[in-house]
Amino acid sequence: MFHIWRTTTRCKRAVPGYGHIRRILQPAPCRQFHTPCPVRYCSANSVRTFDTMLTARRAEARRSILVQVSSERSYNELYHYCSQFGTIESSHHYRVEGDADGDCHYILLEFSSSAQADAAMQSGVFSTERPGVRARSIFMWFRTGPKPKLIAREEPKRPLALVAGTNAIEEAELNGLLSSAESIDDQVTILYRLTKLNDLGKRLRFLAVRQLESSLQGMFPQAVAHPFGSSVNGYGRMGCDLDVILDLDSRSGEPPDRNSRLVYHTKATNPNERTQVQRQLESIGDVLQLFLPGVNSVRRILKARVPIVKYHHEHLDLEIDLTMNNTAGVYMSELLYLFGQLDARVRPLTFCVRRWAQSVGLTNQTPGYWITNFSLTMLVMYFLQQLSRPILPSINRLIQLSAAASSHQQPSSPPVTRFGEGEAEWAYTFLKNPSIYGSFRSDNESTLEQLLMEFFEFYSQFDFNQRAISLNLGATILKPDHSPMYIVNPLETVLNVSKNVNLEETELFRMQVRNAVWLLEAHGKESSTGTGPGATEPWGLVSLFGPKQQQRITPQMFFTKRMLNVKDIFDEVPVDEPQTTTTQYRNTAVKNQIAAIQRTTKAEIHKLSTGGPRVDARTSSTSLEGTGVKLKRNTKRR
C-alpha cells in the first residue's frame, strides 16, 4: 500500500532526514482505480493470486536480457544499441562486488515482447578473446565499439529505473530513519519497506529460474522449475537465497493421449525414489557446473533428509538451492502468500519479528538447534489467529469459505477436502480458488505497534511445555511428543515444523520475548531524550534491535548462574578491606532463589561444623535439590 521513493534530497520543511520518512509512508494509488487508498490497513481490491503473480514474473523474465557493462554510464549507449531489436519497457542497474579488477556492473533490459528479447539474444556472438563452452543464454556483456556523437548525446526515452538496485540499506542509515519516525507503528512500516526484496531482486530470481528451465527443456520439454520460499511468498528480504523445485515432467499426472499409437521409449527408473532423486540431482549438478554461464561453486548435498544441490550465480550475486519432487514447499509458499494478501499488516509485522529474532541471536544462517524464520512466521500467523478480533482466520475456516464460494459459483463442484485427506485436493480446491483472496476481511483496527507488543506478551505467557500450535484449527492441542516446541505442519499434520528446536533455544525464545516487552515499555518515544537524528538515546525498534545485551534476560540467568560453588558464596572478606561491590540482580526471582540457596547452605554447614544432629543424606539431598550446590560429607560412623 506504500511506495518508496529513495532520493538524495531532503525535505527542508521537516526535521533533517525526515524527508525520507515522508516519502516512504506516502500512500500509493491502487493499480485498478488509480486513486489513493483511503484506508491505511486495507487489502487492495486488485489483489493478484499466487499463480497470477508467478505467471507475470515468468513473462517478465521471458522479455528480459541481462548485460554486463563497464558502469551505469554505459546505459545511454546500450539503450540506443538495443533499441534496434524492439521497445525497451524498463531497465535496472546493479553492481556485484568483484576482485582486484573492480566491481561488475549489470543492466537488466525488459523489452515489450519475448520475441524482441529473443532477437537481442540471438544477435549475440561468442568472443574469441574469452574462450569457453559456447552456450547461448540471456547473460551477455557489452563490448566497446564506435560511439556516434549524435546518438551519444541523445537521452534515452526510458531512464534507468534503479541504480545499484540490489544494495541493501546500511544499518546506520536504517537506524537514522527509524529514529526519525513519529511512532513505532511508522518504524515497523519503514523497516518493512526498506528491507524487503525489491522488484529488481524478484526479476533477477526469475531470470535464474528461466535459465534453469531452458537448459533442460531440450531433453525434457515439460521441465518446470518452481521457485518457492521467501523469494515468492512475499516475506523475502534483500539478499535472500532462491529455493527452486525442479520437475522434469510437469505433465506426468495427466492421462495419456489414447489417439496416438506411437509411444516414447524411456529409461527404467530406480525403484527407490530417494536414490533416483539423488542420482538425477548429481547429474544435474554436473550440467550446472560445466555448461551454464555464471554458475559456480556447485555443492551436492545428497545425503540430507531432502537432497539438494546448492550453487552460486556470479552474474546475479545469488545463492540458489535446487531440489526435486518436493511440491509441499510450493504449496506452503502459496499459503503464506495468501495470508499476506488477506491483510496489509501481516508482512510488516513478520518482518519486524524476524529482524528482532536475528538481532538477539535467536536465528542463524546455518542449520542447527535454533528457531528458523519459517517457524517464526508460523508463530506470527498463529498469534494473528488468536486475537479477540482475529486478523487471520484458521486454515480450516478458509477451506470452508472456499467451499462455499465454489458451491455458489459452480454447484456441481465436488466438496472440499480437509487437510490430511489428500495433498492434491487440498492444493487445487483451496489454494487454487481465486475467490478465497476476497473471502475474509478482518474488522481489527489495531496498529502495528499494538500488534508487536501483543505478540511479545502473548508468547511470554504461552505454555510451550504442554501445548502444540495448530494453524489448521486456529487453536492449541496437546503435544503429541516431548519436543520442546511443537508447531503442526499445515500440509502434513503428523510433522513438527520446529522439531529441530531444543529446550535451551525454547527457553531463550521465552526469555527474549519477555525482555522485548520490557524494552518497548522502557524505551518508548516519550522516554527518549530528544527526537529525530539528534536523539541521544535510541527508542522503539532501535532499542529493540540495539546491542544492549547486558539488559537482556538469558537462560543462563536461570541455569548456569545457579550452579554455584560453596567457597564462592562464603568467601570471607578481610575486615580492613571493606566490600565495595555487590552482585546486582535485575530479576527479582533470581535474587530470591540465590538468597534461599545461601540460607539453606549456611544452615547445613553450621550443623556439620558444630557437631549438631547428623543430617540424613536423603533429607539433605532433598533440601538442596535443584540448587546446584554439592557438599562433601563425612559419612563414616563414629
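The model shown is predicted, which means the values in this text are computed figures rather than measured ones.

Undergrad: Teacher, can you tell me more about the sheet that holds strand β1 (residues 64–69) here?
TA: The strands making up a sheet are joined through hydrogen bonds of the backbone, oriented either antiparallel or parallel. Across the sheet, four strands lie side by side as β2-β3-β1-β4; this open sheet has mixed pairing. The open sheet terminates on both sides in strands that have one partner only, identified here as β2 (88–96) and β4 (139–141). The sheet shows a mean angle of 25 degrees between the axes of neighbouring strands, direction not considered. Alignment of β1 against β4, held across three bridges, turns out to be parallel. Paired with Val 67 across the two strands is Met 140, which belongs to β4. Together, β1, β2 and β3 (104–111) form the strand contacts of helix α3 (residues 75–82), whose direction differs from that of β3 by roughly 35 degrees.

Undergrad: In this structure, what is going on with the pairing of strand β8 (residues 308–313)? I would like to understand it.
TA: A regular strand places its side chains on the two faces of the sheet in alternate fashion. Of all the six residues making up β8, six are buried; the element is thus mostly covered by neighbouring parts of the structure. By the alternation rule, side chains of β8 split into Ile 308, Lys 310 and His 312 and Val 309, Tyr 311 and His 313, which are all buried. Looking at chain direction, strand β7 (residues 295–301) and β8 are connected through five bridges and run antiparallel. The residue of β8 that forms the bridge with Val 295 is His 313. Note: β8 against strand β9 (residues 318–324), five bridges, orientation antiparallel. For Val 309, the partnering residue across the bridge sits in β9 and is Leu 322.

Undergrad: Help me understand the pattern of salt bridges, please; the structure alone is not making it clear to me.
TA: Where charged atoms from two side chains of opposite charge come close, those side chains can pair. Scanning the entire structure with this criterion turns up 20 salt bridges. Residue Glu 60 pairs with Arg 203 through a salt bridge whose shortest N-O separation is 3.7 Å. Here Arg 203 lies in helix α8 (residues 199–216) and Glu 60 lies in helix α2 (residues 50–62), a separation of 143 residues in the sequence. Given the relative accessible area of 15%, Glu 60 is considered buried. Take Arg 203: its relative accessible area is 11%, and that puts it in the buried class. In this structure, the salt-bridge partner of Asp 118 is Arg 62, at a minimum N-O distance of 3.4 Å. Taken as a pair, Asp 118 in helix α4 (residues 114–122) and Arg 62 in helix α2 lie far apart in primary sequence, 56 residues in all. Overall, the relative accessible area of 34% leaves Arg 62 in the partly exposed class. Within the structure, one salt-bridge network assembled from shared partners comprises Arg 57, Glu 60, Arg 63, Glu 110, Asp 199 and Arg 203.

The rules behind each value
- Residues numbered from 1 in each chain as written.
- Predicted model: local features only at pLDDT ≥ 70, side-chain atom pairs only at ≥ 80, totals over all residues.
- Heavy atoms only, no water.
- Pairing = 2+ DSSP bridges.
- Helix = DSSP H or I, 4+ residues; strand = E, 2+ residues; numbered from the N terminus.
- Axes fitted to C-alpha atoms, helices over the stretch in contact; angles between N-to-C directions.
- Contact = heavy atoms within 4.5 Å.
- Buried < 20%, exposed > 50% of the residue type's maximum accessible area, 1.4 Å probe, protein only.
- Salt bridge = Lys/Arg side-chain N within 4 Å of Asp/Glu carboxyl O.

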